[in-house]
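Summary of structural features
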Amino acid sequence: MYVQLGGGTVEKEREALTVFDPTTGEAIDTVPALTKADIDRAVETAAEGQREWAAKPQTERNRILRHFAELLLSRRAELGELLCRENGKRIAEAEEEFDTVAALVESYCDKASHLYGVSLPNGTDATNCHGDMIVTRHEPVGVVACLLPFNFPVELCGHKIAPALAAGNAVIIKPPSDCPLAIIRLVDCLHEAGVPAGAAQVVTGRGSVIGDTLVSHPGIAAITMTGGTETGAHIAEVAAKNLTRCYFELGGNDAFVVMDDADIDWTIGQALEGRANNAGQVCCASKRFIVHESVAGAFTDKLILALKGLKIGDPMDRSMDIGGMISEKARDEVVRQIRRTVEQGAKLVYGGEPQGKNFLIPAVLTNVTGAMDVARDMEIFGAVFPIMTFRTAEEALALVNNCPYGLNSAVFSRDMAKAISFAERVQAGSVIVNGGSNYRTATMPFGGYKKSGVGREGSSHTLLEFTQEKSYVLRNVLGNL
Ligand code: NAP
């Protein structure tokens, strides 16, 4: 597949990266492996594209972005299939990513139309400026680099480009190398809808090769990256040389706390939704199950029964409950992490066997303790349910917070006051009461405490992060009336 760069087309005859279907192992396509010179050209062109885009009135930008959303939805079936093939995720999950992008565009266009500055009251301080008028406006920051992970590449692209473009910025999108194809097609839709070529570009190539060139470029005004914590920390270090503003959505090891008075049948459905979705490759999946000892037996038995009923296989088959993982390598890494947890003393009571190239039977681990890696900093990116038990709420809280991550979390109890007072002491960006941690809306501020990230995504926040507030001072205009 080609990419549009700097207003021109880079053909795939260049040195290329191959994109594989992880379910079959077949090569689907190739994309150009761009060079440092290509990245420089993209950033230069983006500066011109940004000026052209920002010069359009908000209503015109909104009209173009809404047209882009319509184009995406009209191609949902075709694009969903492409994403399903390159990623291994279930077809329904792939299609939903495009729906989410359309919803995000709507949310941010609405919000951008009402991004008001302020007018400051005059004469409120002792300085000699009583005749001056001061008003503020939110102006675009410039060119925003958007770096994306493999697990929800299209949806997460929407979380970045919708606010950045609605606010009048240009975007340079770095897709994941394992599955860049749907994003390239998404950018085509942006151009077709009327976004100038320079204002929306996609740069393909390994992050380890072109990443530093992009994030250290002085023409990049802001970086928004979703991915692993280690990658985020590296980018922060490189970007610090230019003091480039950075926003990060990073790794997680979310807790799922089941109190003794929880509705166990309800928690099982939420555990499956929270952990098995996208074959467990979800940043805010529930990854540590912290269950009161009086209900742990029932919880474990019912969970295993429910898992036995799930169908795992061909992601294009709509009757499947769980699709494939991004690669055989990623699946094998999860098998290794299960083995490591068993070596540390846990008991594998269900599943954990690899199937085909990239499938995994979900695993349930019991006898897990707070001292094990899985209970602390080892994020497992696959459908694994490590179960720990507790006696008191204090013990549960200590297990929840015994972790360098703090993305989402979940607490289940029929006693709302008990659940909320527990939630107040949880160190995480969101606490879902009586629901799994795999929860996110277009508007809510989504993001992490501790090593799970910096900043918040959601239409309640991100327009402010992708704009800068400028004060306009009009001297002596108020006169002496
Ligand atoms: P990753 O390996 O960190 O990659 C993320 C992106 O960064 C990719 O586009 C990657 O490019 C690029 N990259 C790699 N090295 C780079 C460098 N030196 N400079 C600039 N960019 C670089 O993450 P992943 O494996 O795709 O995603 C899984 C992780 O993302 C998990 O930890 C998960 O929890 C986290 N995640 C967090 C959220 C959230 O909202 N908090 C959401 C989803 C996922 P290449 O693909 O070319 O290597």
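First things first, this report covers the structure right here in the doc. Bear in mind the structure is a predicted one, so any value in this text is a computation, not a measurement.

1. Comments concerning the sheet that holds strand S8 (residues 170-174)
The sheet built from six strands is open, its strands ordered S9-S8-S7-S10-S11-S23 with mixed pairing. Since the sheet does not close on itself, it has two edges, and those belong to strand S9 (200-202) and strand S23 (453-454), each with one partner. Pairing between strand S7 (residues 143-147) and S8: five bridges, direction parallel. From the neighbouring strand, Ala-145 faces S8, where its bridge partner is Ile-172. Against the sheet, helix H5 (residues 153-166) touches S7, S8 and strand S10 (222-226), its axis set at about 165 degrees to S8.

2. Focus on helix H1 (residues 36-54)
Between the first and last C-alpha of H1 there are 27 Å, a value that for 19 residues agrees with the 27 Å anticipated at 1.5 Å per step. Those residues of H1 that sit buried are Asp-38, Ile-39, Ala-42, Val-43, Thr-45, Ala-46, Gly-49, Gln-50 and Trp-53.

3. So, empty space enclosed by the protein
In total, this model carries two cavities of 30 Å³ or more according to the counting rule given. One number sums up the size of the largest cavity: a volume of about 70 Å³. Elements represented by at least two residues in the lining of the largest cavity include exactly strand S12 (254-258), helix H12 (393-401) and strand S19 (405-406). Taken as a whole, the second largest cavity holds about 30 Å³ of empty space. The wall of the second largest cavity is formed by His-159, Thr-224, Tyr-247, Arg-456, Glu-457, Thr-462, Glu-465 and Phe-466. Residues that form the lining of the second largest cavity fall into these classes: two nonpolar, three polar and three charged.

Calculation criteria
- Residues numbered from 1 in each chain as written.
- Predicted model: local features only at pLDDT ≥ 70, side-chain atom pairs only at ≥ 80, totals over all residues.
- Heavy atoms only, no water.
- Pairing = 2+ DSSP bridges.
- Helix = DSSP H or I, 4+ residues; strand = E, 2+ residues; numbered from the N terminus.
- Contact = heavy atoms within 4.5 Å.
- Axes fitted to C-alpha atoms, helices over the stretch in contact; angles between N-to-C directions.
- Expected span 1.5 Å × (residues − 1).
- Buried < 20%, exposed > 50% of the residue type's maximum accessible area, 1.4 Å probe, protein only.
- 1 Å grid on protein atoms, 1.4 Å probe; cavity = no way out; pocket = protein on both sides within 12 Å on 5 of 7 lines; lining within 4 Å.
- Points joined across faces, edges and corners; volume = space filled by probe spheres on them.
- Nonpolar A, V, L, I, M, F, W, Y, C, P; charged D, E, K, R; others polar.

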